[in-house]
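Fold and contact review
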Amino acid sequence: MDDSFNILQNRLLYIDTLSAAELANATLSFHAGNGSRPLPMLSFALDYWRAGAMDATTFKTTNLVIHGLTTFFLAFFFRRLLLLAGCAPQRAAWGALALAFVWAVHALQVSSVMYIVQRMQTMSTLFVVLALWAYLAMRQVQINDTGRGRGMGVLVLVFGALALACKEDAVLLFAYVLALELTVLQFRAAQLNITKGLRQSFGVLTLLALLVYVFVVVPHYWHWDAYPNRDFSSLERLMTQARVLIMYLGQIIFPWPDSMTFIYDKVSVSRSLWQPLTTLPSIFLIVALLAWAWRWRAYRPLFSAGVLLFFSGHFIASNILSLELVFEHRNHFPLIGAVLALGDLLVFAWQRWHVGVRGVVACGGLVVIILGAATLVRAYTWGDSVRHGEQLIRLLPDSARAWKELGRAHFDRYQTTQDDSHLQRAIDVYAAGLLQVEEPSLASNLVIYKSLLGTVEDADWQKFLDVLRNAPHGWQNKFVVWTLMNNVNRGFDVDAQRVIKAINIMVDKASLSDLEFLRLAVFVYKNGRPEEANPFFIAFAESAPKGDANLHRIIGELLNEGHKELAAQLERIDASKEAVK
């Protein structure tokens, strides 16, 4: 999935030396060099350098080290939080260890830690935890009247900036700090002017954040109709996220491995409050949890802090941005809040029912056994790509992604061993997948793999073309065709004429930019009859901006090739844009 595009295919990460130029290029290589998430990208490059190859063990070891460091510092964060909530030092120490341990070994963490590209999320969580620890240290000094804690305040900003250099959702650090102030800290300070200053500062910053959200974020991202390349609107996404958040809570409380499928492309969209029927109850449950936390913020501040941290952590991913509906790694930080809230509820129950030390130990041991067993089972599944793929199709037989994961796992083994039996297994997987779900990528991969093996038949191509013709409109269709085109361009034995037929079908099945029309035109021109490319050159000219440099270059090349009539037509199209203006 995203590992391939962001890491394996990112040649800037393949550094041979630790020169400033190579490190800088690797650091800025995320999303075609836009400069975001530089720290994880740098760490990927360093992993490649120290292994001398794209070695999975090296990358996963780094992910595990990051997870271990986060657990270590999380224990100190929990300890300081429990002390500020009034816990005795010894109880705070043991409680912090227990909470950090539960967070670390929860089965939901397996995909966050073992899915290499999610280092962006786990590194961000590490620095957010350090920032929160420093904030609590600063506030502890202010509460105890032993200073202002300016040094720790500087660390909050430093760690916050490092978290932002890993992933953009670290901007939620302010929401996390606000959650702690509203519950455990309550803006307390030994000096009245500090308390007053805290209240005023948080009030102003919260108001500013709300204004930015209402007048900047919402107008920019809101879609009453479906988002581009999505089949849901902003309102439908928000309603769906209510069900998703409740699903996350269910996975946290009942960590059954089969409930954590990693792929969630079959999650239904909430089209209304009653479709599906669980939509409205999910919204009510979330409102009830938030109301409960607010009501208990003075009575059980740790529980309230945990609830607010959990929902704050999902504020961006479960909002109106056009993101995938579900991803397990989005719980990496929010799980801290869930563990805190559930832990405090257990303590409340033990106190209410006067459970003795033996009962507490027995209950804690049971939790450890359940979590450990679930995590071991899930880690075992993730330990082998074929085994993981087989698990996915068992749980999600109607998911094209699941079938692609298993097929790709067998194909990876073929690429490593050049043993045709692995390629045949990949072919068998895609053939079986097509019987379950007719999806263009399954049919195209079947054609590509059979072409490599030399067993492709006319029926295979016809099946692919029929599936593409019947597919719903979406961006996935053009990437299927891009893959076929790339295979032709690389000299693989893929029938270019059939690919051109697929192109003619695909143009009605996906939205295309001017450069994408140009890409199609050049491919058809080189691999088919020149006149077949004319409609694509015309579509490129019509969609390109006035005076586009690429258009002028193409017109010149067409003139050189003797296509004067087409070149003149493209010039007229370009000139007409100015006339219309």
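Everything below is about the structure printed above this text.
Treat the numbers as computed from the prediction; the structure is a model and nothing was measured.

The next point concerns the packing of helix H9 (residues 173-185) against helix H10 (residues 192-221). H10 packs onto H9 with a crossing angle of 135° between their chain directions and a minimal axis gap of 12 Å. One element, H9, and the other, H10, form an angle in the oblique class. Judged by the sense of rotation from one axis to the other, the crossing of H9 with H10 is left-handed. Residue-level inspection shows Phe174, Val177, Leu178 and Glu181 of H9 in contact with H10, the latter providing Phe202, Leu205 and Thr206. A breakdown of the residues in the contact of H9 with H10 according to their chemical character gives five nonpolar, one polar and one charged.

Here the amide bond leading from Gln275 into Pro276 is cis, since omega sits at -5°, within 30 degrees of zero. You can see Pro276 is positioned in the loop between helix H11 (234-253) and helix H12 (279-295). Residue Asp145 is not a glycine yet carries a positive backbone phi of 60°. Residue position: Asp145 is located in the loop between helix H7 (119-144) and helix H8 (150-164). Of note, His354 is a non-glycine position whose phi angle comes to about 55°, a positive value. You can call His354 exposed: its relative accessible area is 70%.

Here we take up the state of the cysteines. In this structure the tally under the stated criterion is zero disulfides. No disulfide involves Cys87; its nearest neighbouring cysteine sulfur is the one of Cys363, lying 17 Å away. Look at Cys87 and you get partly exposed, because its relative accessible area is 24%.

All right, on to a nonpolar patch on the surface then. Together, Val204, Leu205, Leu207, Leu208, Leu211, Val212, Val214, Phe215 and Val216 make up an exposed nonpolar region whose accessible area comes to about 820 Å². Mapped onto the fold, Leu205 is located in helix H10.

The tally for this structure, following the rule as stated, stands at 26 aromatic pairs. Considering the side-chain rings of Phe72 and Phe73, the 5.2 Å spacing of their centres and the 80° angle between planes classify their relative orientation as edge-to-face. The class of Phe72 is partly exposed, set by a relative accessible area of 47%. Assessed through its relative accessible area of 28%, Phe73 is described here as partly exposed. Judged by centre distance (5.3 Å) and plane angle (65°), the rings of Trp296 and Phe348 are edge-to-face. Note that Trp296 is positioned in the loop between H12 and helix H13 (301-313) and Phe348 in helix H14 (residues 334-352), a separation of 52 residues in sequence. An identical accessibility class is assigned to Trp296 and Phe348; each is buried.

Within the secondary structure, Arg243 sits in helix H11. Buried and unpaired, Arg243 has no salt bridge, with Glu236 as the nearest side chain of opposite charge at 10 Å. Looking at Arg243, its side chain comes within polar contact range of the side chain of Thr278, at 3.4 Å. When neighbours within four sequence positions are excluded, Arg243 is seen to be in contact with Val267, Ser268, Val269, Ser270, Pro276, Thr278, Thr279 and Ser282.

Let us now look at the pattern of salt bridges. Taken as a whole and judged by the stated rule, the model has 22 salt bridges. Across the pair Arg394 and Asp258 runs a salt bridge, and its minimum N-O distance is 3.0 Å. Residue Arg394 is found in helix H16 (residues 385-395), and its partner Asp258 is found in the loop between H11 and H12; the two are separated by 136 residues along the sequence. Note on Asp258: relative accessible area 26%, which makes it partly exposed. Salt bridges linked by common partners bring Asp47, Arg50 and Arg119 together as one network.

Bringing the nonpolar core into the picture now. Ranked by size, the top nonpolar core spans 88 residues in total, and within it Phe464, Val499, Ile503, Phe537 and Leu570 carry the most contacts. Setting aside anything within four residues of it in sequence, one finds Leu570 in contact with Phe537, Ile538, Ala541, Leu551, Ile554, Ile555 and Leu558. Counting 83 residues, the second-largest nonpolar core is a separate cluster that includes Phe78, Ala100, Ala293 and Leu340.

Looking now at the side chain of Ser312. Mapped onto the fold, Ser312 is located in helix H13. Among the residues examined, Ser312 registers a relative accessible area of 16% and is labelled buried. Of the polar contacts made by the side chain of Ser312, one reaches the backbone oxygen of Leu308; its length is 2.6 Å. Ignoring anything within four residues of it in the chain, the contact list for Ser312 reads Leu172, Ala175 and Tyr176.

The rules behind each value
Residues numbered from 1 in each chain as written. Predicted model: local features only at pLDDT ≥ 70, side-chain atom pairs only at ≥ 80, totals over all residues. Heavy atoms only, no water. Axes fitted to C-alpha atoms, helices over the stretch in contact; angles between N-to-C directions. Helix = DSSP H or I, 4+ residues; strand = E, 2+ residues; numbered from the N terminus. Parallel < 35°, antiparallel > 145°, perpendicular 65-115°, else oblique. Left-handed = near helix turned anticlockwise from the far one by under 90°. Contact = heavy atoms within 4.5 Å. Nonpolar A, V, L, I, M, F, W, Y, C, P; charged D, E, K, R; others polar. Buried < 20%, exposed > 50% of the residue type's maximum accessible area, 1.4 Å probe, protein only. Disulfide = S-S within 2.5 Å. Patch = residues over 30% accessible without salt bridge, like charges linked within 9 Å, V, L, I, M, F, W, Y side chains within 5 Å. Areas by Shrake-Rupley, 256 points an atom, 1.4 Å probe, with all protein chains shown as cover. Salt bridge = Lys/Arg side-chain N within 4 Å of Asp/Glu carboxyl O. Phe/Tyr/Trp six-rings, centres within 6.5 Å; stacked < 30°, edge-to-face > 60°. Lys, Arg positive; Asp, Glu negative; His and termini not counted. Polar contact = N/O pair within 3.5 Å; in protein donor to acceptor, adjacent residues only side chain to side chain. Core = buried A, V, L, I, M, F, W, Y, C linked by side-chain atoms within 4.5 Å.

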